[in-house]
Amino acid sequence: MPSEPLIRWPWVTAHLDEIGAALGQHLFLTVIAVAAGLAISAALALLAHRYRRAEAPITWLAGVVYTIPSLALFVLLIPVTGLSTLTSEIGLVGYTLLILIRNILAGLDGVPRDVLEAADAMGLTRRQRLFQVELPLALPIVMAGIRIATVTTIGLVTVTALIGQGGLGQLMLAGFINLFPTEIYVGALLSIALAVVVDAGLLLLQRALTPWARGGGGRR
Amino acid sequence: MARHVSEDPFRGLALPTSANRPAGAPHRAATVAFDHVTKRYGRRDDGPTAVDDLSFFVPAGATCVLVGPSGCGKTTSLKMVNRLIEPTQGRILIDGQDISTQDPTRLRRGIGYVIQQVGLFPHQTIAENVAVVPRLLGWSARRRRDRVEELLRLVGLEPGQHMNRYPADLSGGERQRVGVARALAADPPLLLMDEPFGAVDPIVRARLQDELLRLQRELGKTILFVTHDIDEAIKMGDLVAVMRQGGTLAQFATPAELLTQPASDFVARFVGADRALKRLTLRRVAELPLEPAPIVGLGESMGAVRARSGGRTPRWLLLVDRQRLPVGWVDGSTLPDAAAVDAAAAIRPSPLLGRETTLRDALSLLLDAAVRAGIVVDEAGRPVGLATIDAITALLHEQNDLTDGRDDPDAAPGPPDVTAGPTASGSRDDGDAPRGGRSPRAPRG
Ligand SMILES: Nc1ncnc2c1ncn2[C@@H]1O[C@H](COP(=O)(O)OP(=O)(O)OP(=O)(O)O)[C@@H](O)[C@H]1O
Ligand SMILES: [Mg+2]
């Protein structure tokens, strides 16, 4: 189809609702996955931080999940949870764990010894030290992890189109099936744009949350 | 309190702090007693002995310096006082109370702690950092704020300028001041300081030391201060505990006693062969007979100066600005009567000395700058007189003669003649006074 343009704008304007819904679902799936992943990772990382012996098995497990090819993981889950949002979320969450756990642990490990010693010496309890000193200081690296996890998830959500979810992935899949480039390109370009915008937003959030980490200090 | 430490075994020692503290000055200070304290590291306390059967008593309001070579257990000893480390054997008593029976968190909130790396919280502003313990103690925001401002001023930082900055924005010296302010925040009766000035350059260190001494005169806290620098120990301590490898106590004495009667060869070697010179650390510029400073104001005419001094105008005149702060030296002999003295004629001023500067520091500042006289200034920075090398060395002779048991009235410092002015004199290598005292020469007398 040499005459077929990459994007047929009339189609786009006629299908804005559909495109918007796909974008919304994409964002929704991503936010849920990263939020749930962060909650689980935080719990596991704090466990590993408190009990050093738990660190190896926890990171090992997260590593194993991470190495399973995404499509394979979704397919494996279908018999258990069906072609559902739950299936895709389980997979998406699973992939965030390794990155988030690693970064939370790295952030906590990166808190300078003298700061910890000062915190203890001033009479902070363990809990106060964790919430008032260690976690705030880990924040730049944790946020860096969240950014990587989010961008990765935005990419992975497209794959879940194959199990009936997928947000913008649906558009692309439909485009392939109908041999209609406009849908493919709209889906692809919007998912890229989404990743870029969300990443930039998170970066701004990180800067706002860590005004003390000047210049490159907060980035890693 | 334990029988064997309840009585102050060092009762006989003259403690300068208690003598110097202004009568009626408010203070809250604790006594500290080490009672046969031993620390062995290792899982089953089977490791090397870091601190070995340490016993000593620090009276309320005294500064006790723990000094000794690296690895002799100073930090370990200090950290046992706020229970960052638990002793293997023995007890530590604060105000007669065994600390092992106290809740560590509460204990620590009542003890100031200052370390070399400072350990400020990088994510909190200076104000928040200083107010950590008051916040833990539940002080109101208003009271915390007032306290922060008071403390920052106390340690020589302008609150308005520093309160809302982050630690990363401060210099090393400023950070260390904030560290001291933070330790003082809840007005603890005891301060622990582990090489607090170890990471700043020598000039800033000397200034911080002087400021701590001044603070301590106001506050009258009990301070346990760790250093491996014997000069710092002599300067800062009312009492000095010299420790040696293996964590044993080699001598516990006042600095003067340490310098005159080292208890062993180890102590004598550690104190160094330049003990006489070191004794200058125990004396202050305030004790020197000061020369009057020949002052000339900015814009004053030479004729007026000559008339004022009745024809005996010294060649070198100290030029001061309108605030009467020193600008530099002017060679008056080159200026005709009609000339008004201006700043362009001035050469750089000699080092400025406070009245509290130790003679040791004063001497090395003068030798470093290769000048004969330093300008002694008051708290406002205005000159009050000149301290000369001659006056310092006269004092050195005097004390050496006393040590030697001789009485030599001729060595008494007379008013030295400074008409020759402050220009470079003497060879630079004089400035290289032995430091650290590890010279192989045998200690004398
Ligand atoms: N956590 C630890 N585990 C095992 N040994 C330790 C530990 N901390 C200190 N030590 C050992 O105990 C001894 C005393 O250490 P400490 O830190 O108290 O010395 P220090 O006098 O403060 O030395 P420095 O002047 O170098 O700071 C040293 O031999 C040190 O190696
Ligand atoms: Mg140490």
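Residues numbered from 1 in each chain as written. Chains lettered and ligands numbered in written order. Predicted model: local features only at pLDDT ≥ 70, side-chain atom pairs only at ≥ 80, totals over all residues. Heavy atoms only, no water.

Trainee: Explanation requested: the site of ligand 1 in the structure shown.
Mentor: Residues and elements named next belong to chain B. Near ligand 1, the surroundings consist of Y41, A50, S70, G71, C72, G73, K74, T75, T76 and E195. Contact between ligand 1 and T75: an oxygen atom at 2.6 Å from a side-chain N or O atom of the residue. Out of a free accessible area of 630 Å², ligand 1 has 57% covered by protein chains. Looking at the shell around ligand 1 element by element, the count peaks at 3 residues for helix α3 (residues 74-81). (Near = heavy atom within 4 Å. Polar contact = N/O pair within 3.5 Å; in protein donor to acceptor, adjacent residues only side chain to side chain. Areas by Shrake-Rupley, 256 points an atom, 1.4 Å probe, with all protein chains shown as cover. Helix = DSSP H or I, 4+ residues; strand = E, 2+ residues; numbered from the N terminus.)

Trainee: Help me understand the domain arrangement of chain B, please; the structure alone is not making it clear to me.
Mentor: By a widely used convention, the size of an interface equals the accessible area lost when the partners come together. Residues and elements named next belong to chain B. Under the domain assignment used here, chain B contains domain 1 (17-110 + 188-282) and domain 2 (286-420). In this complex, domain 1 contributes 13 residues to the contact, which on the side of domain 2 involves 13 residues. Summing both sides of the interface, domain 1 and domain 2 together bury roughly 1100 Å²; the carbon and sulfur share of this comes to 52%. Among the residues of domain 1 in contact with domain 2, L277, R279 and L280 are the three that bury the most area, contributing 47% of the side total. (Domains from an automatic or database assignment. Contact = heavy atoms within 4.5 Å. Buried area = accessible area lost by both parts, 1.4 Å probe.)

Trainee: Honestly, the packing of helix α9 (residues 172-184) of chain B against helix α10 (residues 202-219) of chain B in this entry has me stumped. Any pointers?
Mentor: All names here are of chain B. Remark: α9 packs on α10, axes separated minimally by 11 Å, with the N-to-C direction vectors making an angle of 20 degrees. Overall, the two elements α9 and α10 adopt an arrangement that is roughly parallel. Seen along the crossing, α9 lies across α10 with a hand that is right-handed. Facing α9, whose interface residues are G173, Q176, R177, V180 and L184, α10 presents V204, R207, L208, E211, L215 and L219. Class assignment of the residues belonging to the contact of α9 with α10 gives a composition of 6 nonpolar, 2 polar and 3 charged. (Axes fitted to C-alpha atoms, helices over the stretch in contact; angles between N-to-C directions. Parallel < 35°, antiparallel > 145°, perpendicular 65-115°, else oblique. Left-handed = near helix turned anticlockwise from the far one by under 90°. Nonpolar A, V, L, I, M, F, W, Y, C, P; charged D, E, K, R; others polar.)

Trainee: Whenever I open this one, helix α16 (residues 359-369) of chain B confuses me. Can you help?
Mentor: For an α-helix the count is 3.6 residues per turn, leaving residues at separations of three or four pointing the same way. Residues and elements named next belong to chain B. The buried fraction of α16 is high, at 8 of 11 residues. Taken residue by residue, α16 has L359, R360, D361, A362, L363, L366, L367 and A369 as its buried positions. One or two steps after α16, the chain reaches A370, where phi turns positive at roughly 55 degrees. (Buried < 20%, exposed > 50% of the residue type's maximum accessible area, 1.4 Å probe, protein only.)

Trainee: In this structure, what is going on with the environment of A:P181? I would like to understand it.
Mentor: Residue and element names in this part refer to chain A. For P181, the location among the structural elements is in helix α9 (residues 181-209). With 175 residues separating them in the primary sequence, P181 and L6 have C-alpha atoms 5.7 Å apart. Those residues within four positions of P181 in sequence are excluded, and the remaining contacts are E4, P5 and L6.

Trainee: Help me out: how do you make sense of the interface of chain A and chain B in this one?
Mentor: If you look at the interface, chain A gives 19 residues, while chain B gives 25 residues. Summing both sides of the interface, chain A and chain B together bury roughly 1800 Å²; the carbon and sulfur share of this comes to 64%. Across the chain A-chain B interface, the total number found is 1 salt bridge. In this structure, the salt-bridge partner of B:K79 is A:E117, at a minimum N-O distance of 3.3 Å. Put simply, chain A and chain B have 7 residue pairs in polar contact (both at pLDDT 80 or more) between them. (Salt bridge = Lys/Arg side-chain N within 4 Å of Asp/Glu carboxyl O.)

Trainee: Whenever I open this one, the sheet that holds strand β13 (residues 326-331) of chain B confuses me. Can you help?
Mentor: Within a beta sheet, neighbouring strands are joined by backbone hydrogen bonds and run either parallel or antiparallel to one another. Residue and element names in this part refer to chain B. A sheet is described by the order of its strands in space; here 3 strands give the open sequence β11-β12-β13, paired in mixed fashion. For this open sheet the edge positions go to β11 (295-297) and β13, each flanked by a neighbour on one side alone. Adjacent strand axes in the sheet meet at a mean angle of 40 degrees when their direction is disregarded. (Pairing = 2+ DSSP bridges.)

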